[in-house]
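# Fold and contact review
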Amino acid sequence: IKQKKRHMGDTKHFCPVSLKENFVLYPGLQENAAKYKEKIYYFSTSEYRDKFLKNPEEYVAHKEPLQAPPLRVCLLGIHGAGKSTCARQIANKLGIFHIQFEEYLQELIMPKTKKRVEPSSDENHEDDDKIPEELEDLSQTMTKTETEKSKQEVELTDEEEAIKANLMDNMELPPKVLDKIVPDWWKKEPFRSTGFILDGFPRTADEASYLSERGLCPDVAVYIQVEEDDILDRLLPLRLNIWKDRQRKKKEYKKKLKELKAKERV
């Protein structure tokens, strides 16, 4: 028996309500299908199907085809895989925004911390970059008041503490914090009409589920897979230079301290 050909609606297998209200191409499900003017429409949820059936003319094309949303890309990969380099090149070529997730978090918290939040492995070496107390008098760039102010504890909000924990210990951000950051890239200008490549998010299954639950669907997800030796060649020289710089500072501090003690004896 020859099956009757199905005539799909304007949005094909994507949900027309998600497109209209959220400007997102969200795949619909066959179990949430509905028929209007001899065309089949699929919906992401049964609630959206019911909403469509109450006022279908609001969600279908009239004189012109429905406008598709801009390209939204999630670029994934381990640290050192080259995500940011690739993302910048793609963003420039396609004329879309490049959002580096970790850098964005740093920008949110730096007004309070006044410096970058480093991973816990680097936090152990924080004292290497501080001038010893005996040498504070030699520093002419900070007044006594400024020195005391810099030592005061920075009071962070719960959201900022969560961001700091994410940057230091890779702790997952709770949904209430993500809600204040991620949806804007899909729903607010200038990202909404231009598109973006999101570099470094999602990183876990829970973060991917968060995007799905909020209806924030990327058009493409790309994972960069790199050999371990390539990453070592890329990251080791940088880490070695940082270590050398710390050793150099230690020698300078010891030399200045020796000179200071010699002056006190005289």
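See the structure printed just above.
A brief structural summary. On a predicted model such as this, the values are computed, not experimentally measured, just so you know. (Residues numbered from 1 in each chain as written. Predicted model: local features only at pLDDT ≥ 70, side-chain atom pairs only at ≥ 80, totals over all residues. Heavy atoms only, no water.)

## With respect to the overall build of the chain
Helix and strand counts for the chain stand at 12 helices and six strands. Buried residues in the chain amount to 32% of all 266 residues. Across the chain, the fraction of contacts at a sequence separation of at least 24, relative to all contacts at a separation of at least 6, is 69%. As displayed, the chain has an accessible area near 18,400 Å², and 52% of this comes from carbon and sulfur atoms. (Helix = DSSP H or I, 4+ residues; strand = E, 2+ residues; numbered from the N terminus. Buried < 20%, exposed > 50% of the residue type's maximum accessible area, 1.4 Å probe, protein only. Contact = heavy atoms within 4.5 Å. Areas by Shrake-Rupley, 256 points an atom, 1.4 Å probe, with all protein chains shown as cover.)

## So, a negative patch on the surface
Where like charges cluster on the molecular surface, the negative patch consists of Glu227, Glu228, Asp229 and Asp233. Turning to its location among the elements, Asp229 is positioned in helix α12 (residues 228–265). A relative accessible area of 53% means that Asp229 is categorised as exposed. (Patch = residues over 30% accessible without salt bridge, like charges linked within 9 Å, V, L, I, M, F, W, Y side chains within 5 Å. Salt bridge = Lys/Arg side-chain N within 4 Å of Asp/Glu carboxyl O. Lys, Arg positive; Asp, Glu negative; His and termini not counted. Charge placed at Lys NZ, Arg CZ, Asp CG, Glu CD.)

## Examining the pairing of strand β1 (residues 29–36)
Note: β1 against strand β2 (residues 39–43), four bridges, orientation antiparallel. Bridge pairing in β2 links Lys35 to Ile40. With antiparallel pairing between neighbouring strands as the criterion, β1 and β2 make up a hairpin whose turn holds two residues, including Lys37 at a positive phi of roughly 50 degrees. (Pairing = 2+ DSSP bridges.)

## A few points about helix α3 (residues 83–94)
With 12 residues, α3 ought to run about 16 Å at 1.5 Å a step, and its terminal C-alpha atoms sit 16 Å apart, in line with that. Turning to α3, its buried residues number three or more, namely Lys83, Ala87 and Ala91. Viewed along the axis of α3, the buried residues span an arc of 55 degrees, placing them on a single side of the element. Exposed and oriented more than 90 degrees from the buried face of α3 are Gln89, Asn92 and Lys93. Looking at the buried side of α3, the elements it contacts are β3 (72–76), β4 (97–100) and β5 (196–199). Gly95 lies just past α3 and shows a positive phi near 70 degrees. (Expected span 1.5 Å × (residues − 1). Arc of directions from axis to C-beta.)

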